[in-house]
Amino acid sequence: MAMTLQQARTAVRTASGIDMVAGLWLIIAPFVLGYAATTAALWNDVIFGIAIVLLAGSREVGEGYRYAWPSWLNAIIGVWLIIAPFAIGYSFIQEALWNSVIIGIAVALLATWSALSTPKHSVER
């Protein structure tokens, strides 16, 4: 059973809204959790946190809910966050490691939900 346009819009905006919160947390986490002195972790979190907020936010405004590509890009960022502590060398900092992995999983799942909820062309407008 296909979703109505309103159901699709609500699902996209709900998933993207929660994704935005995850992105905002990622931006402030280095300061709150105390690993801001580790440059690789700090800049990875800030840069990708901003990207998550902007991409998820683009799905929240106007007709952005109709385009899945920002959510698919966020899903890729989520996967990056899972591997980043190992790839760029801050896996020895437990707070940064677990924050990155947990937020990465959340972002990947939320972004995938948002992308898969995008209205299909057959949905009446």
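Data block above holds the structure.
Reference entry: report on the structure contained in this document. (Residues numbered from 1 in each chain as written. Predicted model: local features only at pLDDT ≥ 70, side-chain atom pairs only at ≥ 80, totals over all residues. Heavy atoms only, no water.)

Some remarks on the overall build of the protein
- Scanning the protein for helices and strands turns up four helices and zero strands.
- Mapped in sequence order, the helices and strands of the protein form the string α-α-α-α.
- Judged by the C-alpha coordinates and their principal axes, the protein covers about 50 × 20 × 15 Å.
- The proportion of buried residues among the 125 residues of the protein is 46%.
- Within the protein, contacts between residues at least 6 apart in sequence are counted, and of these 68% link residues at least 24 apart.
- Of the accessible surface of the protein, which amounts to about 6600 Å², a share of 74% is contributed by carbon and sulfur atoms. (Helix = DSSP H or I, 4+ residues; strand = E, 2+ residues; numbered from the N terminus. Buried < 20%, exposed > 50% of the residue type's maximum accessible area, 1.4 Å probe, protein only. Contact = heavy atoms within 4.5 Å. Areas by Shrake-Rupley, 256 points an atom, 1.4 Å probe, with all protein chains shown as cover.)

Let's talk about the packing of helix H3 (residues 69-87) against helix H4 (residues 94-116)
- Interaxial distance between H3 and H4 falls to 7 Å at its minimum, and their mutual angle equals 165°. By the angle class used here, H3 and H4 are roughly antiparallel. You can see that H3 and H4 cross each other, and the crossing is left-handed.
- In terms of residue class, the contact of H3 with H4 is made up of 17 nonpolar, seven polar and no charged. (Axes fitted to C-alpha atoms, helices over the stretch in contact; angles between N-to-C directions. Parallel < 35°, antiparallel > 145°, perpendicular 65-115°, else oblique. Left-handed = near helix turned anticlockwise from the far one by under 90°. Nonpolar A, V, L, I, M, F, W, Y, C, P; charged D, E, K, R; others polar.)

Observations regarding the packing of helix H2 (residues 39-60) against H4
- Close contact between H2 and H4 brings their axes to 12 Å; oriented N to C, the two are set at 15°. Taken together, the axes of H2 and H4 are roughly parallel relative to one another. By crossing handedness, the relation of H2 to H4 is classed as left-handed. Counted together, Ala41, Asp45, Ile52 and Arg59 of H2 and Ala96, Asn99, Val107, Ser114 and Ala115 of H4 form the full contact between these two elements.
- A breakdown of the residues in the contact of H2 with H4 according to their chemical character gives five nonpolar, two polar and two charged.

Thoughts on a nonpolar patch on the surface
- On the surface, Ile28, Phe31, Val32 and Leu33 cluster together into a nonpolar patch covering about 370 Å² of accessible area.
- Of note, valine 32 is situated in helix H1 (residues 5-32). (Patch = residues over 30% accessible without salt bridge, like charges linked within 9 Å, V, L, I, M, F, W, Y side chains within 5 Å. Salt bridge = Lys/Arg side-chain N within 4 Å of Asp/Glu carboxyl O.)

Description of the packing of aromatic side chains
- For the structure shown, the criterion picks out one aromatic pair.
- Their ring planes at 45° and their centres at 6.3 Å tell us that phenylalanine 48 and tryptophan 80 sit as a pair that is tilted. Here tryptophan 80 lies in helix H3 and phenylalanine 48 lies in helix H2, a separation of 32 residues in the sequence.
- For tryptophan 80, a relative accessible area of 25% gives the class partly exposed. (Phe/Tyr/Trp six-rings, centres within 6.5 Å; stacked < 30°, edge-to-face > 60°.)

Brief notes about the nonpolar core
- Counting residues in each nonpolar core, the largest one holds eight residues, listed as Ala22, Leu26, Ile52, Leu55, Ile77, Leu81, Ile103 and Val107.
- Once residues within four sequence positions are removed from consideration, leucine 55 is found in contact with Trp69, Pro70, Leu73, Asn74 and Ile77.
- Residues Ala29, Ala41, Ala84 and Ile93 belong to the second largest nonpolar core, which totals seven residues. (Core = buried A, V, L, I, M, F, W, Y, C linked by side-chain atoms within 4.5 Å.)

Considering the side chain of serine 100
- Its location among the elements puts serine 100 in helix H4.
- Looking at serine 100, its side chain comes within polar contact range of the main-chain oxygen of leucine 81, at 2.4 Å.
- Apart from the residues lying within four places of it in its own chain, the contact partners of serine 100 are Leu81, Ile82, Ala84, Pro85 and Tyr90. (Polar contact = N/O pair within 3.5 Å; in protein donor to acceptor, adjacent residues only side chain to side chain.)

On their own, these measurements won't tell you what the molecule is for.
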